[in-house]
Amino acid sequence: MTTSPRPEVLRAPLIVEFPFTRSLGPVQSAFLTGLRHCVPLGVRTSAGQVLVPPVEYDPDTAEELRDLVEVAPTGTVTTWAWNHAPRRGQPLDTPFAWVLVRLDGADTALLHALDVPGPDAVRTGLRVRIRWAAEREGAITDIACFEPADDTEPAAGEAAPHDGQFADMVTGIVAPARLDYTYGPGGAQSRYINALADRRTVGERCPSCHKVYVPPRGACPTCGVATTDQVEVGPAGTVTTYCIVNVKAKNLDIELPYVYAHIALDGADLALHGRIAGIPYDEVRMGLRVEPVWTEGGRYPDHYRPTGEPDADYDTYKELI
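Because the structure is a prediction, the values reported are computed rather than measured.

Caption draft 1: Examining unusual backbone geometry more closely. The amide bond that connects Val52 to the next residue, Pro53, takes the cis arrangement and shows omega of 0°. The topology assignment puts Pro53 in the loop between strand S3 (50–51) and strand S4 (67–70). Of note in the backbone geometry, Cys38 takes a positive phi value of approximately 60° without being a glycine. Residue placement: Cys38 occurs in the loop between helix H1 (26–36) and strand S2 (41–44). A relative accessible area of 27% means that Cys38 is categorised as partly exposed. Even without being a glycine, Asp168 presents a positive backbone phi close to 55°. Examined against the element boundaries, Asp168 turns out to sit in the loop between strand S10 (160–161) and strand S11 (172–183).

Dropping the structure here:
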């Protein structure tokens, strides 16, 4: 008995990247501004514990916390793990240790990098100190890393109260978020993507409920059985619902406003989404009949445009909204 070769499953690098913007409350504002001034701050709870990094609400009682204190720039490693291959955006570009450091005067530990020549140079109980960044802007990266502190003794006494006030307080941050990974869409979506290269849209039918899913998922989410029968759908379809986009997306050169819509391709039982063009944005409507306009090279539809057909009757697509 012979078997046909299995189709190639696609794999490709994928990067998801965006700037994350957030405002800061009084505790986080004081903490980050303090780092800019080389002053590490914590917050004291009603039970007397000092939390570093500080939080705005007690994790045990949920009460609001505002009692800021200054802790020492030296501390003790409580646990660690060796990072033999630093990745993009990490604190150091040479191998280092991830460490939890309990700063003198604090009762909790801060996660950061420790710059040592190798794993033999780090241990639980190691005394360390903050190495401040040469240029500081009010962010956790103002701590460039930790470094060994030559077995200094822990600072004596309680953490000193601090009013949390500095010149030019940091009130918000923009943190870049980025995920780098290799994506494998699986067999069903690999077949779907390969068909797009031939300007065909291929879905898969559930052998139980007979619904045709586009893009295919490999299994019916309702029946839980594999969808193995391929079905070519479209190319035309019907707008089932839509939204008008008025906010410009980074690295997307499309004139505002524009329309993104759910489009039920002919023969499909699941709507996919796509951009609508070739018609004024305020004339897009439910029931509009559209067809794909392919990108140069034909790898996927760039957008959908009106076909000129009469609008579809609501009853023909109401179950796909």
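Caption draft 2: The arrangement of the sheet that holds strand S12 (residues 201–205) in detail. Read across the open sheet, the three strands follow the order S13-S12-S14; overall the sheet is antiparallel. The open sheet is flanked by strand S13 (212–213) and strand S14 (229–233), the only strands paired with a single partner. Each of S12 and S14 is contacted by helix H2 (residues 186–196), which is oriented at about 155° to S12, the strand it contacts most.

Caption draft 3: Broad picture of the pattern of salt bridges. Scanning all chains against the criterion turns up 16 salt bridges. Close ionic contact of Glu64 with Arg66 constitutes a salt bridge, the shortest N to O distance being 2.3 Å. A relative accessible area of 48% places Glu64 in the partly exposed class. For Arg66, a relative accessible area of 38% translates into the label partly exposed. Close ionic contact of Asp104 with Arg127 constitutes a salt bridge, the shortest N to O distance being 2.8 Å. Note that Asp104 is positioned in the loop between strand S6 (96–103) and strand S7 (110–114) and Arg127 in strand S8 (residues 127–132), a separation of 23 residues in sequence.

Caption draft 4: Region of interest: a nonpolar patch on the surface. Together, Leu14, Val16, Phe18, Phe20, Leu179, Tyr181 and Tyr183 line one region of the surface with nonpolar side chains, adding up to about 630 Å² of accessible area. Among the elements of the structure, strand S1 (12–23) and S11 are those that each provide at least two residues to the nonpolar patch. Position of Leu14 among the secondary structure elements: in strand S1.

Caption draft 5: How the structure looks around the nonpolar core. Formed by 25 residues in total, the largest nonpolar core has its most connected members in Leu114 and Phe146. Going through the elements one at a time, H1, S6, S7, S8 and strand S9 (143–148) are the ones with two or more residues in this core. No other element matches S6, which puts four residues into this core. Sequence-distant contacts of Phe146, defined by excluding residues within four places in its chain, comprise Val101, Leu103, Leu110, His112, Ala113, Leu114, Asp115, Val128, Arg129, Ile130 and Arg131.

Caption draft 6: Main features of the state of the cysteines. Per the stated rule, a full pass over the model turns up zero disulfides. Here Cys38 is not disulfide-linked; the sulfur of Cys145 is the nearest cysteine sulfur, at 13 Å. Cysteine Cys206 is unpaired, with the sulfur of Cys209 as its nearest cysteine sulfur at 3.7 Å. Given the relative accessible area of 0%, Cys206 is considered buried.

Caption draft 7: How the structure looks around H2. Residues of H2 that are buried: Ala188, Ser190, Tyr192, Ala195 and Leu196. Tucked inside the fold, the buried residues of H2 contact S12, strand S17 (272–276), strand S18 (289–294) and strand S19 (301–306).

Caption draft 8: View of the packing of aromatic side chains. Considering all chains together, one arrives at three aromatic pairs under this definition. Plain terms: the ring middles of Tyr258 and Tyr260 are 6.1 Å apart, the flat faces sit at 65° to each other, and that makes the pair edge-to-face. Under the relative-accessibility criterion, Tyr260 is labelled partly exposed at 32%. For the pair Tyr314 and Tyr317, a centre-to-centre distance of 5.5 Å together with 80° between the ring planes defines the contact as edge-to-face. Judged by its relative accessible area of 43%, Tyr314 is partly exposed.

The rules behind the values
- Residues numbered from 1 in each chain as written.
- Predicted model: local features only at pLDDT ≥ 70, side-chain atom pairs only at ≥ 80, totals over all residues.
- Heavy atoms only, no water.
- Helix = DSSP H or I, 4+ residues; strand = E, 2+ residues; numbered from the N terminus.
- Buried < 20%, exposed > 50% of the residue type's maximum accessible area, 1.4 Å probe, protein only.
- Pairing = 2+ DSSP bridges.
- Contact = heavy atoms within 4.5 Å.
- Axes fitted to C-alpha atoms, helices over the stretch in contact; angles between N-to-C directions.
- Salt bridge = Lys/Arg side-chain N within 4 Å of Asp/Glu carboxyl O.
- Patch = residues over 30% accessible without salt bridge, like charges linked within 9 Å, V, L, I, M, F, W, Y side chains within 5 Å.
- Areas by Shrake-Rupley, 256 points an atom, 1.4 Å probe, with all protein chains shown as cover.
- Core = buried A, V, L, I, M, F, W, Y, C linked by side-chain atoms within 4.5 Å.
- Disulfide = S-S within 2.5 Å.
- Phe/Tyr/Trp six-rings, centres within 6.5 Å; stacked < 30°, edge-to-face > 60°.

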